[in-house]
Amino acid sequence: MNKEKLLLWTLAAVNFTHIVDFMILMPLGPQLMRIFEISPQEFGLLVSSYTFSAGVSSFLGAFILDKYDRRTILMWVFLGFLLGTIACALSPNYPFLLTARILSGLFGGLTSALIFAIVGDAIPDKRRGRAMGMVMAAFSVASVVGVPFGLYIASISNWHAPFVFLAILAVIILVLIYKFVPSITSHLVTGHLRPSPLQVIRRVTGNANQMRAISLTVMMMLGQFMIIPFLSPFMVSNVGFTELQLTFIYMAGGFFTVFTSPWVGRMTDKYGKIRVFTIFMSLNVLPIAIITHLGETPIYYALIVSTLFFVTSNGRMVPAAALITGTAKPENRGSFLSFNSAVQQLSAGLASFVGGMVLVEGGDGKLYNFEMIGYAAIIISLLCIPLIRGIKVVDTGTIVEDLEEAVPAE
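Worth saying up front: this structure is predicted, and the values here are computed from it rather than measured.

A. Seen up close, the overall build of the protein. Secondary structure assignment for the protein yields 17 helices and two strands. For 410 residues, the compact-globule formula gives about 22 Å, and the C-alpha radius of gyration of the protein, at 20 Å, lands near that figure. Taken along its principal axes, the extent of the C-alpha atoms in the protein is 65 × 45 × 45 Å. For the protein, with 410 residues in total, the buried portion stands at 60%.

B. A nonpolar patch on the surface, seen in detail. Residues Trp 76, Leu 79, Leu 83, Ile 86 and Leu 90 make up a contiguous nonpolar surface patch of roughly 530 Å² in combined accessible area. Turning to its location among the elements, Trp 76 is positioned in helix 4 (residues 70-89). Its relative accessible area of 60% is what places Trp 76 among the exposed residues.

C. Representation of helix 5 (residues 94-122) in the model. For helix 5, built from 29 residues, the straight-helix expectation of 42 Å at 1.5 Å per residue is met to within 8% by its first-to-last C-alpha distance of 42 Å. Within helix 5, the axis deviates most sharply at Gly 105, by approximately 30°. With respect to burial, helix 5 is a largely interior element, 22 of its 29 residues being buried. With a side-chain oxygen lying 2.9 Å from the backbone nitrogen of Phe 96, the N-terminal cap of helix 5 falls on Asn 93.

D. Representation of the nonpolar core within the structure. Judged by nonpolar contacts, the single largest core of 128 residues is most densely connected at Leu 11, Phe 163, Met 220 and Met 235. Ranked by the residues each element gives to this core, the list is headed by helix 5, at 13 residues. Beyond its immediate chain neighbours, meaning those up to four positions away, Met 220 contacts Phe 277, Met 281, Arg 316, Met 317, Ala 320 and Cys 384.

E. Summary view of the environment of Ala 113. Residue placement: Ala 113 occurs in helix 5. For Ala 113, a relative accessible area of 2% puts it in the buried group. The spatial distance from the C-alpha of Ala 113 to the C-alpha of Gly 55 is 11 Å, given a sequence separation of 58 residues. In this structure Ala 113 touches Leu 65, Leu 337, Ser 338 and Ser 341, once residues within four positions along its chain are discounted.

F. Molecular detail of the pattern of salt bridges. Under the defined criterion, the tally for this structure stands at one salt bridge. Its salt-bridge partner being Asp 21, residue Arg 101 comes within 3.3 Å of it at the nearest N-O pair. In this pair, Arg 101 is assigned in helix 5 and Asp 21 in helix 1 (residues 3-23), connecting sequence segments 80 residues apart. This pair shows no difference in class: Arg 101 is buried, exactly as Asp 21 is.

G. Structural view of the packing of helix 10 (residues 208-225) against helix 14 (residues 299-325). In the contact formed by helix 10 and helix 14, the axes pass within 11 Å of each other and the chain directions differ by 170°. Relative to helix 14, the element helix 10 is oriented roughly antiparallel. Helix 14 is crossed by helix 10, and the crossing has left-handed handedness. Contacts between helix 10 and helix 14 involve Ala 213, Leu 216, Thr 217, Met 220, Met 221 and Gln 224 from the former and Phe 309, Ser 313, Arg 316, Met 317, Ala 320 and Ile 324 from the latter. Tallied by class, residues from the contact of helix 10 with helix 14 come to eight nonpolar, three polar and one charged.

H. Expanded view of the side chain of Ser 91. Among the secondary structure elements, Ser 91 is positioned in the loop between helix 4 and helix 5. Among residues more than four places away in sequence, those in contact with Ser 91 are Phe 96, Leu 97, Ala 100, Trp 159 and His 160.

I. Quick peek at helix 3 (residues 40-61). Between its terminal C-alpha atoms helix 3 stretches 31 Å, which fits the 32 Å expected from 22 residues at 1.5 Å a residue. Of all bends in helix 3, the biggest is about 30°, found at Ser 48.

J. Focus on the packing of aromatic side chains. Under the defined criterion, the tally for this structure stands at ten aromatic pairs. With centroids separated by 5.5 Å and ring planes inclined at 90°, the aromatic side chains of Phe 255 and Phe 256 adopt a geometry described as edge-to-face. With centroids separated by 5.3 Å and ring planes inclined at 75°, the aromatic side chains of Phe 255 and Phe 259 adopt a geometry described as edge-to-face. Residue Phe 255 and its partner Phe 259 are located together in helix 12 (residues 246-271), separated by four residues, close to a single helical turn.

K. Looking closely at unusual backbone geometry. The phi dihedral of Asn 369 is positive, around 80°, even though this residue is not glycine. Mapped onto the elements of the fold, Asn 369 is located in the loop between strand 2 (367-368) and helix 16 (370-388). Overall, the relative accessible area of 23% leaves Asn 369 in the partly exposed class.

L. Structural context of the packing of helix 4 against helix 5. Their axes nearest at 8 Å, the elements helix 4 and helix 5 cross at an angle of 155°. By the angle between their axes, helix 4 is roughly antiparallel relative to helix 5. Between helix 4 and helix 5 lies a crossing of left-handed hand.

M. Focus on the environment of Ile 153. As for its placement among the helices and strands, Ile 153 is situated in helix 6 (residues 125-156). Once the C-alpha coordinates of Ile 153 and Phe 165 are considered, the two residues, twelve residues apart in sequence, prove to be 9.1 Å apart. Not counting the four nearest positions on each side in its chain, Ile 153 is found in contact with Asn 158, Ala 161, Pro 162 and Phe 165.

Conventions we followed
- Residues numbered from 1 in each chain as written.
- Predicted model: local features only at pLDDT ≥ 70, side-chain atom pairs only at ≥ 80, totals over all residues.
- Heavy atoms only, no water.
- Helix = DSSP H or I, 4+ residues; strand = E, 2+ residues; numbered from the N terminus.
- Rg over C-alpha atoms; globule rule 2.2 N^0.38 Å.
- Buried < 20%, exposed > 50% of the residue type's maximum accessible area, 1.4 Å probe, protein only.
- Patch = residues over 30% accessible without salt bridge, like charges linked within 9 Å, V, L, I, M, F, W, Y side chains within 5 Å.
- Areas by Shrake-Rupley, 256 points an atom, 1.4 Å probe, with all protein chains shown as cover.
- Salt bridge = Lys/Arg side-chain N within 4 Å of Asp/Glu carboxyl O.
- Expected span 1.5 Å × (residues − 1).
- Bend = angle between axes of the 7 residues up to and from the residue.
- Polar contact = N/O pair within 3.5 Å; in protein donor to acceptor, adjacent residues only side chain to side chain.
- Core = buried A, V, L, I, M, F, W, Y, C linked by side-chain atoms within 4.5 Å.
- Contact = heavy atoms within 4.5 Å.
- Axes fitted to C-alpha atoms, helices over the stretch in contact; angles between N-to-C directions.
- Parallel < 35°, antiparallel > 145°, perpendicular 65-115°, else oblique.
- Left-handed = near helix turned anticlockwise from the far one by under 90°.
- Nonpolar A, V, L, I, M, F, W, Y, C, P; charged D, E, K, R; others polar.
- Phe/Tyr/Trp six-rings, centres within 6.5 Å; stacked < 30°, edge-to-face > 60°.

So far we have only geometry, and geometry alone does not tell us how the molecule works.
This is how it looks when you write it as structure tokens:
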């Protein structure tokens, strides 16, 4: 296995842990709502607290990420994420868990920006779609392996167990980061070494192309995260799933996206980012429309629709991430991607919060108004298609000249 693949697999492992940490809370929703006796609004706050804190830390990270070695800062950020995960594992009640999720979000929010910055620094644009497909396949593996395994050990033990598992895994990944992520410092000499916070803000907000990319991120998150956090509670209360059967949703969706994510990456490099994005975004609104109108439904039918939702959602993210990463030069890539990550997390948190406010739990235990959320998500998603056409790639190269030499020897 060459050095580039080792790097990408390590970044995928970091992404995997971060995604499972975020995703595992959503299928645990019915269990947590029962154990802590909390409402859908309080559960929505539990989900959005992670994304809001991640957004804040990503915004602050924009002022520091381009000032240090990418590898060094990734190790420190991931160590903080590990501590937050341990706090989640030890949470005895709702307020403590809420605080622990905020701590996890503070560090977890920075990992996405760092991963994309490292890919942008080490992988040229002609292979960036494929690289993003490999790194973002972590979402698929998280869905088909991480989340179901977490739910399984939660069902035979308690809801704390998945976070214990993640903490152990994070320790192993810290070693992988040390061994296989290169020391990347070239961006320190290609631009301003110590730009002021005001300069950092102006550099991003004054770039119309980058602001269009950030706007795209906002729209994509609003179109998805009004739905995703409440998918599991809705499937249990309205569709007829048991809490254990929720694992089938993530296993089926993850299984197919394990194969489609790298394929979408290859298609992105071959046919173009905008064309592939347009196809998958258009397809994505179909399962959104169906899912948000489901009543009591045979499990197999609901699984087909939810799997289509996961596949098309992942399919639009791969070309979008490759395009957005290429809108920044190396000297301000970390700053821009951290800004973008902040906006992404805050938008997801806002969408989760709004979704929780619109969704109502009836006296019969069912959730109502999900179809209203679906209509809004469809409109917002379709508006992303004309928006992405105005975004241009400005960086097609790499600042890591020899990846073989850059990666620490074993």
